[in-house]
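This is what each chain is made of:
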Amino acid sequence: GESVGLHLPTLSVQEGDNSIINCAYSNSASDYFIWYKQESGKGPQFIIDIRSNMDKRQGQRVTVLLNKTVKHLSLQIAATQPGDSAVYFCAETPARIQGAQKLVFGQGTRLTINP
Amino acid sequence: DAGVTQSPTHLIKTRGQHVTLRCSPISGHKSVSWYQQVLGQGPQFIFQYYEKEERGRGNFPDRFSARQFPNYSSELNVNALLLGDSALYLCASSLAPGTGKNGYTFGSGTRLTVV
């Protein structure tokens, strides 16, 4: 089936600490994964992506790790800031069906940064 | 350049009524996707349109329909509204029905409340 789930619904960290958000996916045919950040009243905002032929990808303060063996995805945020407080979603892209390509989102993890 | 614009931002409807939600993609983007996000969950794929044709449909009843216009803007229509249709409806714009870095840009959504 198609489902993307998260290990923890909420995560609270101290400002300046590193945070790790985890995600499990079930569709082994998915070849592209994206992390989104969603702030209150806004749509999902692209953070970082990774293709299935990669294990790790780094951006500015963020790193995504992909473990295809156990179908696990993680987002690491370094030196968290108050502006990082939001809900984070992982999304996968199953194989195209009739030309369409949809995103399958997980439930989301709410990250709270404590001062 | 303007991002993805959705209208209205909020609306309240009564059960059994009909609603039309609108989306204008980023200039130059020819594909529009619609997602439903129920409170506390990740977005769920409803439709994808490209070059004015439906390219994919999620697991939603026939009460949900959409179309794309020659200027690539799109409308999502929902008939015979149910309480369970209350959600944030998101529009995502992309150059084509594919993914890639920053492939999908989401609007801020329309918050629909059915009473």
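Everything discussed here concerns the structure shown above.
Residues numbered from 1 in each chain as written. Chains lettered and ligands numbered in written order. Predicted model: local features only at pLDDT ≥ 70, side-chain atom pairs only at ≥ 80, totals over all residues. Heavy atoms only, no water.

Engineer: Go over the packing of aromatic side chains with me, naming the residues and quoting the values.
Structural biologist: Two measures describe an aromatic ring pair: the distance that separates the ring centres and the angle between the ring planes. With the rule as written, the count across this model stands at 10 aromatic pairs over all chains. For the ring pair F105(A) and F106(B), a centre distance of 6.1 Å and an interplane angle of 75° mean the geometry is edge-to-face. Pair noted here: F105(A) is in strand β10 (residues 104-105) and F106(B) is in strand β10 (residues 105-106), and the two residues belong to different chains. Residue F105(A) is classed as buried on the basis of its relative accessible area, which comes to 5%. (Phe/Tyr/Trp six-rings, centres within 6.5 Å; stacked < 30°, edge-to-face > 60°. Helix = DSSP H or I, 4+ residues; strand = E, 2+ residues; numbered from the N terminus. Buried < 20%, exposed > 50% of the residue type's maximum accessible area, 1.4 Å probe, protein only.)

Engineer: Any chance you could break down the side chain of S19(A) for me, citing the residues and the numbers?
Structural biologist: For S19(A), the location among the structural elements is in strand β3 (residues 19-25). According to the relative accessible area criterion, S19(A) is buried, its value standing at 2%.

Engineer: Mind laying out the state of the cysteines, listing which residues take part and the relevant values?
Structural biologist: Residue and element names in this part refer to chain B. Inspection of the entire model under this criterion finds two disulfides over all chains. The disulfide bridge from C23 ends at C91, spanning 1.8 Å between sulfur atoms. Taking the sign of the S-S torsion, about -65° here, the bridge from C23 to C91 comes out left-handed. Separated by 68 residues along the polypeptide, C23 in strand β3 (residues 19-24) and C91 in strand β9 (residues 87-94) bring together distant segments of the chain. We classify C91 as buried; its relative accessible area is 0%. (Disulfide = S-S within 2.5 Å.)

Engineer: Give me the lowdown on the layout of surface pockets, citing residues and values where you can.
Structural biologist: Size it by volume and the largest pocket reaches roughly 520 Å³. Together, 24 residues line the largest pocket, and Q38(A), V87(A), R110(A), Q37(B) and L39(B) are the ones closest to its centre. Listed by contribution, the elements that provide at least two residues to the lining of the largest pocket are β9 (86-92) and β11 (109-114) of chain A. Looking at the lining of the largest pocket element by element, the count peaks at three residues for β9(A). Its residues placed into classes, the lining of the largest pocket shows seven nonpolar, 13 polar and four charged. (1 Å grid on protein atoms, 1.4 Å probe; cavity = no way out; pocket = protein on both sides within 12 Å on 5 of 7 lines; lining within 4 Å. Points joined across faces, edges and corners; volume = space filled by probe spheres on them. Nonpolar A, V, L, I, M, F, W, Y, C, P; charged D, E, K, R; others polar.)

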